[in-house]
Amino acid sequence: MVKVTSDSKYMDLLNEYPLLKTDLVRLNPKFTFLVTQMGKISLWEANLEKVSIHAEMNVDETVNLFQNLIDSY
């Protein structure tokens, strides 16, 4: 089981769990940018703390969202 933290790398999680791309957008439309080609390039090295800024969510909400989705797979 993966432990998701604010330091977890966004692209590492997407590469490991490809379903995150569609599930994130389904749960929060603000993730649409993050799964575009431009979003992937600009956030290639981003951690979830930075992703939460782009998604306009607080860090804890973002980490919990990722953790809950990953746990459901």
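Residues numbered from 1 in each chain as written. Predicted model: local features only at pLDDT ≥ 70, side-chain atom pairs only at ≥ 80, totals over all residues. Heavy atoms only, no water.

A. The arrangement of the environment of Val51 in detail. Within the fold, Val51 resides in helix α4 (residues 48-54). Taking the relative accessible area as the measure of exposure, Val51 reaches 0% and is therefore buried. Residues Val51 and Tyr10, 41 residues apart in the sequence, show an inter-C-alpha distance of 7.3 Å. (Helix = DSSP H or I, 4+ residues; strand = E, 2+ residues; numbered from the N terminus. Buried < 20%, exposed > 50% of the residue type's maximum accessible area, 1.4 Å probe, protein only.)

B. Layout of helix α2 (residues 20-27). Turning to α2, its buried residues number three or more, namely Leu20, Asp23 and Leu24. Relative to the axis of α2, the buried residues are bounded by an arc of 100 degrees and lie together on one face. Residues Thr22 and Arg26 are exposed on α2 and point more than 90 degrees away from its buried face. Next to the buried residues of α2 lie α1 (10-16) and α5 (59-72). (Arc of directions from axis to C-beta. Contact = heavy atoms within 4.5 Å.)

C. Region of interest: the pattern of salt bridges. Tallied over the entire structure, the rule returns two salt bridges. When the shortest N-O distance is used, the salt bridge between Arg26 and Asp23 registers 3.3 Å. Pair noted here: Arg26 and Asp23 are both in helix α2, with a separation of three residues, about one helical turn. Looking at Asp23, the relative accessible area reads 14%, which means it is buried. Taking the shortest distance from any N to any O, the salt bridge between Lys30 and Glu56 comes out at 2.8 Å. (Salt bridge = Lys/Arg side-chain N within 4 Å of Asp/Glu carboxyl O.)

D. Representation of the nonpolar core within the structure. Judged by nonpolar contacts, the single largest core of 21 residues is most densely connected at Tyr10, Leu20, Leu24, Phe31, Leu48 and Phe66. Of all the secondary-structure elements, those providing two or more residues to this core are α1, α2, α4 and α5. For this core, the element with the highest residue contribution is α5, accounting for five residues. Aside from chain neighbours lying at most four places away, what touches Leu48 is Val4, Thr5, Ser6, Ser8, Tyr10, Leu13, Thr62, Val63 and Phe66. (Core = buried A, V, L, I, M, F, W, Y, C linked by side-chain atoms within 4.5 Å.)

These figures capture arrangement, not role.
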